[in-house]
Amino acid sequence: MGHDANRRPRPSGTVVPGENLDHDVEEVIAAVLTASRLLVAISARALADSDPTLTLPQLRALVVLESQGPVKLVALATALGVNPSTAMRMVDRLEAVGKVDRQANPDNRREVVLRLTAKGRRLVDTVLAHRHAEIAAVVSRLPVEQRAGLVASLRALTDAAGEPAVGPSPPPPPEKTAP
């Protein structure tokens, strides 16, 4: 167990920025931060190419709705890690541009559920396809022998964070040849 600046005990495993960490840990942190910057930039480019009026947090809300199906506002706010009032403002904006709609919960008419519209689903599909293509281009430049190690490392990182896995995309259908 470490101590903070006031000499109070700190739970083991707690990392304090600037504290002398093992050099290997610092190297991993630097690599993850660099990769994170790359992935955020890829997502921002994919969104800007698809719908430059939306923000990354709004895209994140759409992706949550796409992956979790119709949900109540509180569930969306929890998934996004924001207050319900923040989620409500975001939903108001997304509803105004036709990406989200609200409907009465069939199980409890006093509740409202949020869901993607067809327009919202098309945007999510377009952005994710764009992002997939750009990440594929980057990964294809890696030597084959480094890819397996990258997969194992990224899975370990996401497992440690409790992030649900995303399966590989299915291969594209074979191209039709002329008879």
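Fair warning: this is a prediction, and the values are worked out from it, not measured in the lab.

The rules we used
Residues numbered from 1 in each chain as written. Predicted model: local features only at pLDDT ≥ 70, side-chain atom pairs only at ≥ 80, totals over all residues. Heavy atoms only, no water. Axes fitted to C-alpha atoms, helices over the stretch in contact; angles between N-to-C directions. Helix = DSSP H or I, 4+ residues; strand = E, 2+ residues; numbered from the N terminus. Left-handed = near helix turned anticlockwise from the far one by under 90°. Contact = heavy atoms within 4.5 Å. Nonpolar A, V, L, I, M, F, W, Y, C, P; charged D, E, K, R; others polar. pLDDT = per-residue confidence, 0-100. Pairing = 2+ DSSP bridges. Parallel < 35°, antiparallel > 145°, perpendicular 65-115°, else oblique. Buried < 20%, exposed > 50% of the residue type's maximum accessible area, 1.4 Å probe, protein only. Salt bridge = Lys/Arg side-chain N within 4 Å of Asp/Glu carboxyl O.

Participant: Explanation requested: the packing of helix 2 (residues 56-68) against helix 3 (residues 73-80) in the structure shown.
Facilitator: A pair of packed helices can be characterised by two numbers: the angle between their axes and the separation between those axes. In the contact formed by helix 2 and helix 3, the axes pass within 10 Å of each other and the chain directions differ by 115°. Two packed elements cross with a definite hand, and for helix 2 against helix 3 that hand is right-handed. Residue-level inspection shows Arg60, Ala61, Val64, Leu65 and Gln68 of helix 2 in contact with helix 3, the latter providing Leu76, Ala79 and Leu80. Each residue belonging to the contact of helix 2 with helix 3 can be placed in one class, and the counts come to 6 nonpolar, 1 polar and 1 charged.

Participant: Would you take a moment to explain the confidence of the model for the chain for this structure?
Facilitator: A low pLDDT means the predicted coordinates there should not be read in detail. Confidence in the prediction for the chain averages 85 pLDDT; 82% of positions are at 70 or higher. Between residues 1-7, whose pLDDT stays under 50, and residues either more than four places distant or in other chains, the model counts 11 contacts.

Participant: Quick question: what am I supposed to make of the sheet that holds strand 4 (residues 100-105) here?
Facilitator: Strands pair in a sheet through their backbones, by hydrogen bonds, and they do so in one of two ways: parallel or antiparallel. The strand order across the open sheet built from 3 strands is 3-5-4, with neighbouring strands paired in antiparallel fashion. Among the strands making up the open sheet, the edge pair consists of strand 3 (71-72) and strand 4.

Participant: Honestly, the packing of helix 1 (residues 23-50) against helix 5 (residues 118-140) in this entry has me stumped. Any pointers?
Facilitator: One can describe the packing of helix 1 onto helix 5 by two numbers: an axis separation of 9 Å at closest approach and a directional angle of 135°. Relative to helix 5, helix 1 is oriented oblique. Crossing hand, helix 1 versus helix 5: right-handed. Contacts between helix 1 and helix 5 involve Leu39, Ile42, Ser43, Arg45, Ala46, Leu47, Asp49 and Ser50 from the former and Leu123, Thr126, Val127, His130, Arg131, Glu134 and Ile135 from the latter.

Participant: Is there a simple way to explain the environment of Val71 in this structure?
Facilitator: By the element assignment, Val71 lies in strand 3. Since its relative accessible area comes to 9%, Val71 is described here as buried. For Val71 and Val113, which are 42 residues apart along the polypeptide, the C-alpha to C-alpha distance reads 5.1 Å. Excluding its chain neighbours within four sequence positions, the residues that come into contact with Val71 are Leu65, Leu76, Val112, Val113 and Leu114.

Participant: I tried to follow the pattern of salt bridges on my own but got confused; where do I start?
Facilitator: Between side chains of opposite charge, a pair can form as their charged atoms come close. Under the definition given, this model contains 6 salt bridges. Across the salt bridge formed by Glu134 and Arg45, the nearest N and O atoms sit 2.2 Å from each other. You can see Glu134 sitting in helix 5 and its partner Arg45 sitting in helix 1, a full 89 residues away along the chain. Here Lys72 makes a salt bridge to Glu111, at a shortest N to O gap of 3.3 Å. Placement of the pair is Lys72 in strand 3 and Glu111 in strand 5 (residues 108-116), with a sequence separation of 39 residues. Residue Lys72 is classed as partly exposed on the basis of its relative accessible area of 39%.

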